[in-house]
Each structure stands twice: as structure tokens, then as C-alpha cells.
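Here are the chains, one letter per residue:
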Protein chains: 2
Amino acid sequence: MNLIIIPLIAGFAQVSIAAWLFRWLKRESAGTPRMKELAGYIQEGAHAFLKREFKTISYVIVPLAILLFLLLGWQIAVGFVVGASFSMLAIFIGMRGAVRANVRTANAARTSPGRALVLAFRGGAIMGFSIVSLVLIGISSLYLIFRVGPTNPEAVHLLVGFGFGASLSALFAQVGGGIYTKAADIGADLVGKVEARIPEDDPRNPAVIADLVGDNVGDCAGRGSDLFESSADNLVCTMIIGLAFIGTYGWYAVLFPLLVRAVGKLATIIGVFSVRQWGKRGPLTSINIGLFSAGILNLIIFYVLSVWLMGDIRIFYCLSFGLLAVLIVSFIVQYYTGIKGGPVRKIAEASQRGASLNILTGLSYGLESAVLPMVLIAGVMLFGYFMLGGGILGIFGIAMATLGMTEMKGMIQSMDTFGPISDNAAGIAQMSGLSAETRESTDALDAAGNVTKAITKGYGLTKCVLSSVVVLFAYIFVLCRYQGIALTNLSDIALYLNLAKPTIIAALLIGATMPFLFSALTIRAVSRAASRMVDEVRRQFREIPGLLEGKARPDYSRCVDISTRYSLRQMVLPVLVGLIAPIIIGFTFGVWPLAAFLIGVTIVGALLAVFMFNSGGAWDNAKKFIEAGRYGGKGGAAHSAAVIGDTVGDPLKDAAGPSLHILIKLQSILSITLLPLFLAYAIF
Amino acid sequence: MNLIIIPLIAGFAQVSIAAWLFRWLKRESAGTPRMKELAGYIQEGAHAFLKREFKTISYVIVPLAILLFLLLGWQIAVGFVVGASFSMLAIFIGMRGAVRANVRTANAARTSPGRALVLAFRGGAIMGFSIVSLVLIGISSLYLIFRVGPTNPEAVHLLVGFGFGASLSALFAQVGGGIYTKAADIGADLVGKVEARIPEDDPRNPAVIADLVGDNVGDCAGRGSDLFESSADNLVCTMIIGLAFIGTYGWYAVLFPLLVRAVGKLATIIGVFSVRQWGKRGPLTSINIGLFSAGILNLIIFYVLSVWLMGDIRIFYCLSFGLLAVLIVSFIVQYYTGIKGGPVRKIAEASQRGASLNILTGLSYGLESAVLPMVLIAGVMLFGYFMLGGGILGIFGIAMATLGMTEMKGMIQSMDTFGPISDNAAGIAQMSGLSAETRESTDALDAAGNVTKAITKGYGLTKCVLSSVVVLFAYIFVLCRYQGIALTNLSDIALYLNLAKPTIIAALLIGATMPFLFSALTIRAVSRAASRMVDEVRRQFREIPGLLEGKARPDYSRCVDISTRYSLRQMVLPVLVGLIAPIIIGFTFGVWPLAAFLIGVTIVGALLAVFMFNSGGAWDNAKKFIEAGRYGGKGGAAHSAAVIGDTVGDPLKDAAGPSLHILIKLQSILSITLLPLFLAYAIF
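Sequence order as written defines residue numbering, which begins from 1 separately in each chain. Here chains are named by letter from A upward and ligands by number from 1 upward, in the order in which they appear as written. This being a predicted model, a pLDDT of at least 70 is required before a residue's local features are given, and a value of 80 or more before pairs of side-chain atoms are given or counted; all residues contribute to the totals for chains, interfaces and linings. Here the side-chain values reflect all heavy atoms present in the structure, with hydrogen atoms and water set aside.

S.K.: In this structure, what is going on with the overall build of chain A? I would like to understand it.
M.R.: Tallying secondary structure elements over chain A gives 21 helices and 0 strands in all. Rg of the C-alpha trace for chain A: 24 Å, near the compact-globule value of 26 Å for 684 residues, within the 12% margin. Summarising its shape, the C-alpha atoms of chain A cover approximately 75 × 50 × 45 Å along the three principal directions. For every residue, the accessible area (1.4 Å probe, protein chains only) is compared with the maximum for its type, and the residue is labelled buried under 20%, exposed over 50%, or partly exposed between those bounds. For chain A, the residues scored as buried account for 70% of the 684 residues in total. Contacts are assigned to residue pairs with any non-hydrogen atoms lying within 4.5 Å of each other. Residue pairs at least 24 apart in sequence account for 84% of intrachain contacts in chain A once pairs closer than 6 positions are excluded. Here chain A has roughly 19,900 Å² of accessible surface; of this, 63% comes from carbon and sulfur atoms. Taking the 54 positively charged and 39 negatively charged side chains of chain A as two groups, their mean positions are separated by 4 Å. A run of H or I in DSSP becomes a helix once it reaches four residues, and a run of E becomes a strand once it reaches two; helices and strands are each numbered from the N terminus. C-alpha atoms define the radius of gyration, and 2.2 Å times the number of residues to the power 0.38 defines the globule rule. Computed with a 1.4 Å probe, the accessible areas rest on the Shrake-Rupley method; for each residue, only the protein chains presented here act as cover. When charges are counted, neither His nor the chain ends are considered; positive counts come from Lys and Arg and negative counts from Asp and Glu. Charged side chains are reduced to one point each, which is NZ for Lys, CZ for Arg, CG for Asp and CD for Glu.

Here it is, written out as C-alpha cells:
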């Protein structure tokens, strides 16, 4: 029996569960007519954006696919199209779930907080399940179509097209979604909260619907596409690396990642369904119960599969250490961004002395917060490397640690999507004037969502760095194949990657500038879109009579339209820059310096991303800390300062930071895909 | 004749000119009693700070010198002490000049703007001359004492102690001075300008004297010590690298850098003295005339010495290309931070929509501004490398390009110190109520100072990156000597610096986190000191009756005391972290991964520094652009937003950024110095 059937079946099984969840969700009541109306606006806005976004993406995908077909053959082109379209399909399904779960969560909160939790979490699981299953189905089908197998091992390389497609569409989705959500958010906050002094999610705010749509298209869809691509890249590259170790582990070296993922689904499903009201415990404890059951089940699965299939207990250690590292990084992130940690309190305190000191303190802790996670990630890398003996097999150890780490992604994505769903639910509850009690329980969900963010963020960044290291080694392995270097020892390629060579240092330096350029473009794109939004919201407050008194309705659709239009227009440049840079380096500096370039991109990109995530998160929570009544509370001078800090952090943490994560991997997987071209048409 | 006499004589000659300038300056009138009183406060504050700072530094220097003596011998210890004390001496002399030139410039402006320009510029030249001459005297004397020469070439290595001492004391001076000046500046701005709405440099502001002292101890002394150390490190490391090429160029390979510097003095001196009132041209044109005459003279000297001493015209190309690169980088910096460039105008425009968008736009352009200079610097590196054939000799080419680039430093430092002197002069003119006409001409000098900053900053960053690359290669060269590797080809060490090795990648990654950690600590130190200052200034406004009406005098000395005390207390931690990190890596990861660590520090440090410099500069000028009457001008909403941005940028551009420049080189030169210990006592 061809074992590839197992991941294929597991994929389809999980898709069915996602479909079942979706139908189950739709049967729930969506509440009052006002709630339905609001939810309708959000659904409409989100769908309209996704459709237009997919159209824009296809303008790049289709010609690129044709080019790939002409230059690299049909397999790469097919894989590329499948990767891109599966990625879009997954977030489309996931978002359909999310925009239905939000209003139903708000409605359930009116009668049962426990029910609301289950609805929000399972709504998130639709995204989680659709992503992990579509990745598996995509790769397994291509594996079958390309007739990969022990008799045709080289065909594994053809799978990179899938990763490239997934990465490219993810970068578009994240950059576009990020600009959308932050333009709306900044517009709503700066004019609504700061200038007009109306509360968050107030129906009088013209940008409020755009803001709620943004939660879905930015946080849900963007983050989902990020996870899709990193999962796809990670699997494909681990399989490519595995190819070098068929001698040691047999064909399992290639198939093992897919099998672990397939069986691991079980743990995810059980984890998701064990999130429910447990006695009188709060939503956070329930989610933790789910998370820990999934974790422990995964460890068991790791043990069984490592010993049974690979016959090597060290593989189990690598897998488990990866899983553990995520937890530790999450604690670090929680310290730096959590409302209970020292940094957030210091930032809140500094707000009393004005916005500048709020921002400087946040910058300072944000910069610092990058240090420990990176050192820990270096530790995981070295652990995997030395666990499998330190030689070339050590690279497989790094890939295994990464595989173990990314195994929880179905669960993590459910938690991640749970966030915007509860956020939306709280917004709908506020806007449709539900009772204070109901709002209390949606707010409790929202707060739980903010805490789980620390875990999902810690996960995101560990995953990002380690996955890119794996992709990078896949690049090196593929390059060695093409150049006929029998890679039996890392020293075999020392000459090509000699860090004492000025060309390598120069490539590293130029790679290091990429994340700066890319973030600059993304932040500027958000600022531009946000400026339009600020102008529009100011205009509506000025020109619509009776708006502030609640006597007139704002024109929500104009704001939705601005977010949609500007985000689609502004997302193209950063993505193209990210796409073109490694191509230039590949053709000019050559294929080995390109590896150094990619290392530069990875290291600096990862550092900048952590800094952006954590300073943004800390500013956000410092604001919430003040809103909870400290330093003068809402409306005081410290609060105004904290709102400015929060608004500065918004595009960093929700647009530029997450996009960097994707950029890093896109550039590496793109380089693998185009490697034959670089070798054939090098300029020097 | 021992040719070392030439740099020694040149050094002493230039010291004499500095002394003559100082006496010439003192003979000028210091103006009205009120002006003398104010200048007295500034002198007193600056001297008191420097004295206490030197005392604090000596608590670290003295025990470290004893340790070095015990572990590495008397030469390293002596070099270390000479380096540290010459560095302090140079900035002490330079600052004595600056705090006398400021008031005399203000006084001269009452009668002749041309005279004021000459006074301010020559006042700056005291710093410039004392730095370049003391570096030369220090290195040449140690060269004689250690009996370096063709018969005793290895003794060149002993000179690293001088570089280490210079770097360490520079890091203290820059971090301490940076905290001092920015705490005072932020305190004066946030409370005085924003809250109390009184103008800049208003005598009613309690922090105004501390602010003026800060210009001297931060911008003058800090920047001066930076230049001293980079000049020292650069010379020593170029000589060490030269050691490997005695076979090609004879002993000139080692001596050439010193000789170029010695003869190059001539160009600097002529350049400085040609800055005077040329007809009706403004101060900026006069400075440019000086700059260009020095540049052209330098090119001639380069040509003669390259052909005559080295017999290799390619050396001339390397030297000249380095000189040229500074000009190009300066244009880039000018575009991003100049008041006429697009970015500054965009930031000013964004200020209309609040502080957040001002800050985001500034962040965006700041990040972007790091890209082109780095690519250009990579280009200079490759130019030098390939110009001398691309092999191991190519490294000498890089060193030569760097030498050419740093040659203008006497001139650049004069321009740099000219900035704070004019700034101070404008402040004194404002505070002592001089006529509007006088203030116009001091303001014109101040504005010229702001423009020359683009050149000195472009210089600073190009110098920083290239010098650190040179120091890095010196590290590698010394390491090869110790390990008995006859370095005839860069491939000889490929195995040790294999970028495909996870240990090397991990070291690179950890190195890359260093600048984040260090900047975090520095920014936080400024924030803390500034918070104290804000509290104190608020207190004085609250508690001293009649202060705002101008009826009572503020307590200037309390503010000076706060700046002094907190900056000395807060400067220690960042410096110690910078000192200890490479030691840990050297003993644990080992000496080759340490090289990767240093590359990580260099690349990320340089990127962060450019970003900080330029975003800070752009915010500053965006504020000035608005103050010139755009978007509502002074006092409008856009102006308040721009002041917040400026205050955020202040510690970035004047404390964290410049300190990073020093940190990078300190860690590398420290690693060279301690290399024998790492080799002898490695843990693994």
C-alpha cells in the first residue's frame, strides 16, 4: 500500500469535519434583527474584499504560472497554481466560518457564556482545520500526480512550486489584509476615540464596520494564509532535506513529515473539541485544557512514530524539544506584552509624561524582547543539530525540531481565529446594544483572546525563524544536487559559503537591508491608507448633521470602500519588491551568495518582526491597563498618550511584522524554485 | 631615518596649532556680563560633568588595566591606558575650546557675521585637531616604545590595546553624554515647549542650561570620542592587516596608513583655515569651500603617496573611491533628513493627522533610508576587494578604501563640533536678549550647522560600517597568526567560517540580537533620566512663584545635577553588557563563531544606527519645517504632533544611534585584544 494514502485520507477527513462544523454553526441563531444586520455588513465587506483581493492576486499569479510553465515545466507551474489557490480557498472557507461565528457568539453570550466560548472556538477551528487539511491534501495529491516515490525520489523537488504559490498568495493576503485592518483601525481610533471622544465600537463611528471587517480580513485571513504557507513550505522543505537521508531512514525520511502531520490531526481534533465550559472555570482555562491535551497527545504520537517508523528515539527528542520551545517563547512574549508584566506597566507609567516617553519606553522594551527568543531559537537549532550528531544529519535534526514545533498549528490557528471572532462578537454586542451582562461575557472572551495571542505570537515567531532555517537548508541541499556536490559533510560546501569572503559578507549585508525596505514600504502603505481614512471620518463628522448626537447614521460603506481600495492598491509594491530582490541577487551575485543574502533576510527579518510584534502588543496592553482605571483612566492625559502609542504599534504588530514572517520564507522558497534559472542564466 | 618620526612630528605640530587656536580664541571678547554669566554656567556644567564622567570611567579602566597587565603583559595594559586617557584628553581639550567658542561666536555675531563663522568653525577645529593629532601621537609613541619595525613586525599586534582603550572610553563618553544631553533636551522640550508653551532656549525654562551643557558633553564630547576611537581602531587594524602584505609592499604596508594620516593633516589644516567669509556668500558656502579644498588636496596626497611609497596606482583608486563614497552617502542622508527632501515634507504633512501618523511616516522613511547607504557600502567593499585582485590582497584594498574615507576626519570633526557651538551661540544670544539682527546671524550659523550634519552623519555611518569590516578582518588575520594558519588565500579559513554550519548561523543570530539589546538599554536609560527631568521641570513651574511670568529665576543647577547624576548612573549597564557579551561567546562558542557573532553585531548594528540617525533627523527637520510656517506653524496641532515625533527621535539619533557605532567596533577590538585568552581558556 502506498502510505501517501494516509495523509490524503486524514486531509479529507478533516475537511469533512470543518464542513460539519460550518453547518453546525449555521444552525445556531444569529440573534436580533439588528445583530443580523450588523453581521450582514461585516460579511458583505469581508467577502467583497476577499473577492477583489483574489482577483488582484490572480493578475500576478496567472502570468507567473505561465512563465514558470515555459521556463521550468508543467509540474512547477501546476504546483504553484495549486499552492496559491488552495491557500486562498483555505482562508476563504475559514473566513466564511469566522464571519458567521462572530454574531452567533454574541447571541449565545446572551444566554450562556459557555456556549459562546464553544461557538467562538469552533468557529476558529473551521479556519484551523481547513488550513491544515488543505495543505495535506495539496501536497499528497501532487505527490501522487508527480509519481514521487522511492523509485522516483528526485520528483520531491517538484513540490516546491506548491510552497512558492502558497507563500506568494500569503504575502499578498497578509500585506493587503494588514493594510485594510490597520487603516480602518487607525481611522476609527484617531478620529473617533481621540478627537470625537466616543467609545470603541460605537455605531456613530463611520469606520467601525470597516474596523470589524478588518479584524476578519487582516487578523483571520492574513494570519491564516501565513500559517498555510509556513506549513506548506515547512513540509515540502523537510521532505527535500529528508531526501538526503534515505540511506539512514529509508523512504520514511521523506514521508515521515507527512505521516506525523496526518496522525497529528487526531490530537488537534481532540484538542479543539475539548475546549468547552469546564465547570465554573473561565474561558482561558478551558482553552488551556484544550491546548494541553493536544500537546500531550502529540507527544505520544511523536514517540510512537519516531520509534516505530524511524527507529530512532533521538527523533522524538528533537520533535519534543521543538514543542517545548514554543511554550518557553510564549512565556517570554507574555512577560513583554502581557498586562501583568513589568514592561507594560512601565509603558503605562511613562504615559503620564506624554506620548514621547510612552513610545520610547515601548520601543526600548520591544527591542529588548527580541533578544531572549532569538537566543532560545539558536538553542533549539543547536539542540536539533547536535542531537543527531552534529554532522550533515544534524540538519535533519533541526528539521525535526521544527516539525515538532509546527505540529500544533491546527490548534494554534483555532486559537488565533478565536481572537478576532470574540473581538467581533464584543463589537456586535456593543453596537446592537445588548445587555451589560452579555457584554461582560463577550468582553471576557475578548480578554481571553488577547492572552492567547501571546501563545500564538510566540508560536508564530519561533515557527517563522526555524521554518526559514529549514527552507534555507533545503535551498543549500537542492543547490548541491544541481551542482553535483555529494553532500556528505557540511565542510564540502565551506568554500562556497565562506563568511570571510567579501562577496558573501556583501550579500549578507544587502539581504539584511531587505526587511528594512519591506517594512518601510508596508508601514508607509498603512499610513497612506490610514490618512485617507482619517480624512474621510473627519469629513463625515463634519458634514453629516446630527451624527455625533446619534441622530444620523454614518456612511459605513464609504469607509469600507476606502479600506478595500487603498489596501489593494498599496499591497502590490511591497510584494513585488520582495519578489524581485532575490531574483536580482541570484542572477548577479550568483547562487551561493544568494544563500548568504537569504540568511541576512532571515536573521534581520526575524529580529525586526519580534520587535514589531512585541512593542505593538505592549503599547496595546499599556493602553488597556490605563483604561482599566490606572493613571487617570480613560479620557485622561496618560490615556491619550497611550492611544498614540497604540496607534503607532498597530501597523507594526498587525501589518509589517506578520508580513515580514512571510517575506522571509517567500524569498527562500522562490530562490529554490528559480534555482535552475539562476544556474543557467547567471550574468557573471 | 625611522619614518615613524613623520607622523609623530605631524601630530605634535597639529597639537601646537590647536593650542594656538585656543589662545587666539580666548583673546576674543566674550561679550556682555550677562553673556559671560551664561557661558560661565555652561562651562561649569560641562567641566563638572566631564570630571565626574572621567572618574566613573576610571573605576572601570583601572581594574581592567591591571587585569590586562596580569593576563596579557605590560604592553597591552600600557596601550590600553594610553588609548583611554588620550581619548579623554582629546575631548577635554576639544570641549574647553567649544565652551569658549560658543559665547565668543554669539558676541562676534553682534558686529560681523563673517567673524562669527570663523570663530565657530575654528572653535570646532580645536576638537578636530586635538583628536587627529592625539591619535597619531599615541600610536606613533607606542610604536616606538614597543620597538615595532621590520625586524620586529609582530609587535604591531601590541597596538590593539590602544584601540581597545580608546573604544571603551568612547563608549562611556558617548552613552553618558548621550543620556545627559537627551534627558535635558526632552525635559526642556516636553515641559517647556509643549506644556508651558514657552519658546526654545527661553531663560524661564529650568532645563535650558542643562540643555546647552548637553550640546557640549553629548554632541561635542561624545561625537569626538567616537571619532577618536574609530580613527584609532582603523589605523591599528589597517596596520595589522598590512602586516600580511609586507611581501608585496615592504614595510610600507604597515607604515603607509600612518604616513597618509600624517601628510593628510596638511589638507585638513588648509581646509579649516580656508573657511572664512568669502565675499557675500553664506556660511554654508564657506564651509563647502573648506571641505572641497581639503578633499582635492587629499586626492593629490593620495596620488603622490600611493605611487611614490607603494608603487601601486590601484591603492590610489581604492583611497579615492572611499572618499567619493562619503559624498554619495551624504547626498542620500541629505535626501532623507534634509528639510528640502520629500521624506521630511511627507512627515510634516502627516503631522496634520496627529502624532501617530507623524511617527509612523518617520519610522517608515527611517527604515527605508538604511537601504541605499548599505548597498553602497557593500559596493565600496567589493570595489576595494576586486580592485586589488579579489584574493587575500583584496582585504588590503578594503582597508585602503576605508583609510581614504576616514582621511577627512579632522575636517569632518571640525564641522561636527561647529554644530553644537553655533547651537550654543544661538541659545546664548536668545537668552541674553541680543538684538534681532544678531540672532538672525547666529540662527543662520545654526541652520548651516544643521545642513553640515547630513555630511557628518553620512560620514559617520560609512566610516562605522567600513571601519568595523576592517577591524573584523584584523580579527581574522590575528586569529590566523595565533592558530598558525598561513593565510595565503581566503579559502584557507573557509572551513572555520562555513556559513552552512549551524554553530556559525547561531553565533551570527546571537550577534545580531546585540544591537537590539544595547539600543534597548540606552533608550531606556534616556527615558529614565528624562522622566526625572520632566518631573523636576514640572515641579519648578509649579512651586516657584512668578517663574512663568519671568519674575523669578529657575533653579538651573538642580536640572544640571539631575542630568549629570542620572547619566553617569545609567551609562554603566549598557557599556558592561556590550563588554561582556563577546567575552561569553569567545569562551563558549569559540574564536571562529565569535567572528560570525561580530559580523552579526556589525550588520545589524549598522542598519539600526542608520535607521535611528535618519528617522531622528527627519523628525527634527519636519518639526522645523512646520515651525517655518507650514501646516499651521508653531503652536498648531501639526506642530504639537511634530514635537512628539522629534522627542521620540532625539534619543535615537543622539544617544542610541551613535553609541551603536562605537559598540560595534568596541566588541571587535575587544575580541582581538582578548583572543589569546579565548584560545587558552576555551570552555568547550
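S.K.: Would you mind showing me how to read the interface of chain B and chain A here?
M.R.: Many analyses report the size of an interface as the accessible area lost when the parts associate. Taken together, the 76 residues of chain B in the interface contact 76 residues of chain A. Buried area is calculated as the accessible area (1.4 Å probe) missing from two parts once they are joined, with the contributions of both summed. Taken together, the two surfaces of chain B and chain A that pack against each other cover about 6,600 Å², and 80% of this comes from carbon and sulfur. Only one rule defines a salt bridge in this text: a Lys or Arg side-chain nitrogen within 4 Å of an Asp or Glu carboxyl oxygen. Where chain B touches chain A, the interface holds 4 salt bridges. Salt-bridge contacts for Asp535(A) lead to Arg353(B); the nearest nitrogen and oxygen are separated by 2.8 Å. Polar contact is the term for a pair of N or O atoms within 3.5 Å; when the atoms are in protein, one must be able to donate a hydrogen and the other to accept it, and sequence-neighboring residues count only if both atoms are side-chain atoms. Run the count over chain B and chain A and you get 16 residue pairs in polar contact (both at pLDDT 80 or more).

S.K.: Just checking my understanding: could you explain the packing of aromatic side chains for this structure?
M.R.: Residue and element names in this part refer to chain A. Two rings from Phe, Tyr or Trp (for Trp, the six-membered ring) form a pair when their centres are within 6.5 Å of each other. A pair whose planes differ by under 30 degrees is stacked, one over 60 is edge-to-face, and the rest are tilted. Within this structure, the stated rule accounts for 40 aromatic pairs over all chains. Note on tyrosine 335 and tyrosine 336: the rings are 4.9 Å apart at their centroids and 75° apart in plane angle, and the pair reads as edge-to-face. Among the residues examined, tyrosine 335 registers a relative accessible area of 44% and is labelled partly exposed. Among the aromatic side chains, those forming a connected cluster through ring pairs are Phe245, Tyr249, Phe396 and Phe477.

S.K.: What is the right way to read the relation of the copies chain B and chain A from this model?
M.R.: Mapping chain B onto chain A is achieved by rotating through 180° and translating by 0.0 Å along the same axis, at an RMSD of 0.0 Å. In symmetry terms, the pair is related by a two-fold rotation axis. Of the interface residues in chain B, 100% have counterparts in chain A that sit at the interface too, so the contact is made through matching surfaces. The copies were overlaid with a least-squares fit restricted to C-alpha atoms from residues scoring a pLDDT of at least 70 in each copy.

S.K.: Where do I start with the pattern of salt bridges in this structure?
M.R.: Side chains that carry opposite charge are capable of pairing whenever their charged atoms lie near each other. Residue and element names in this part refer to chain A. Inspection of every chain in the model, using the stated rule, returns 60 salt bridges over all chains. The partner of arginine 223 in a salt bridge is aspartate 416, and the shortest N-O contact between them spans 3.5 Å. Here the residue arginine 223 occupies a position in helix H6 (residues 208-242), and aspartate 416 occupies one in helix H15 (residues 409-431), the gap between them amounting to 193 residues. Summarising the burial analysis for this pair, arginine 223 and aspartate 416 share the class buried. Glutamate 536 is the partner of arginine 558 in a salt bridge, and the nearest nitrogen-oxygen pair spans 3.5 Å. Of this pair, arginine 558 sits in helix H18 (residues 556-570) while glutamate 536 sits in helix H17 (residues 502-543), and the two are 22 residues apart along the sequence.

S.K.: Is there a simple way to explain the environment of Leu403(B) in this structure?
M.R.: Residues and elements named next belong to chain B. Of note, leucine 403 is situated in helix H14 (residues 393-406). Judged by its relative accessible area of 0%, leucine 403 falls in the buried class. Sequence spacing of leucine 403 and cysteine 318 is 85 residues, and the spatial spacing of their C-alpha atoms is 8.8 Å. Other than its neighbours up to four places away in sequence, leucine 403 contacts Asn234, Leu235, Phe256, Pro257, Val260, Arg261 and Leu319.

S.K.: Sorry, what's going on with helix H1 (residues 5-27) of chain B here?
M.R.: One turn of the α-helix equals 3.6 residues, which is why residues spaced by three or four share an orientation. Residue and element names in this part refer to chain B. To estimate how far a helix should extend, the number of its residues minus one is multiplied by 1.5 Å. The first and last C-alpha atoms of H1 sit 33 Å apart over 23 residues, in line with the 33 Å expected at 1.5 Å per residue. Those residues of H1 that sit buried are Pro7, Leu8, Ala10, Gly11, Gln14, Ala18, Leu21, Phe22, Trp24 and Leu25. Against the buried residues of H1 lie helix H3 (74-109), helix H4 (113-145) and helix H8 (252-273).

S.K.: Explain the environment of Ser468(B) here, please?
M.R.: Residues and elements named next belong to chain B. Its place among the elements puts serine 468 in helix H16 (residues 436-482). The exposure class of serine 468 is buried, given its relative accessible area of 0%. Between the C-alpha atom of serine 468 and that of asparagine 216, which follows or precedes it by 252 residues, the distance is 27 Å. Reaching out from serine 468, the side chain makes a polar contact with the backbone oxygen of cysteine 464 at a distance of 2.3 Å. A distance of 3.2 Å separates a polar side-chain atom of serine 468 from the backbone oxygen of valine 465.

S.K.: How do you make sense of the confidence of the model for chain A when you look at a structure like this?
M.R.: In low-pLDDT segments, the atomic positions of the prediction should not be examined closely. Summary of the metric used: pLDDT quantifies the predictor's per-residue confidence within the range 0 to 100. Mean pLDDT over chain A: 91, with 100% of residues reaching 70 or higher. At the level of chain-chain contacts, confidence expressed as ipTM amounts to 0.94, with global pTM at 0.95.

S.K.: Any chance you could explain the packing of helix H5 (residues 160-195) of chain B against helix H21 (residues 637-680) of chain B here in plain terms?
M.R.: Residues and elements named next belong to chain B. Whenever a helix is involved, its axis is fitted only over the stretch in contact; in every case the axis is a line through C-alpha atoms, and angles between N-to-C directions fall within 0 to 180 degrees. Running from N to C, H5 and H21 cross one another at 170°; their axes reach a closest spacing of 9 Å. In terms of orientation, H5 lies roughly antiparallel with respect to H21. Its residues assigned to classes, the contact of H5 with H21 comprises 20 nonpolar, 7 polar and 6 charged. Angle categories are assigned with fixed cut-offs, so that under 35 degrees is roughly parallel, over 145 is roughly antiparallel, 65 to 115 is roughly perpendicular, and the rest are oblique. All residues other than Ala, Val, Leu, Ile, Met, Phe, Trp, Tyr, Cys, Pro, Asp, Glu, Lys and Arg, Gly among them, are scored as polar; the first ten of these are nonpolar and the last four charged.

S.K.: What exactly am I supposed to notice about the side chain of Ser274(B) here?
M.R.: All names here are of chain B. Mapping serine 274 onto the fold places it in the loop between H8 and helix H9 (283-310). Of the polar contacts made by the side chain of serine 274, one reaches the side chain of serine 293; its length is 3.4 Å. With residues near it in sequence (within four places) discarded, serine 274 still touches Ser286, Ile289, Gly290 and Ser293.

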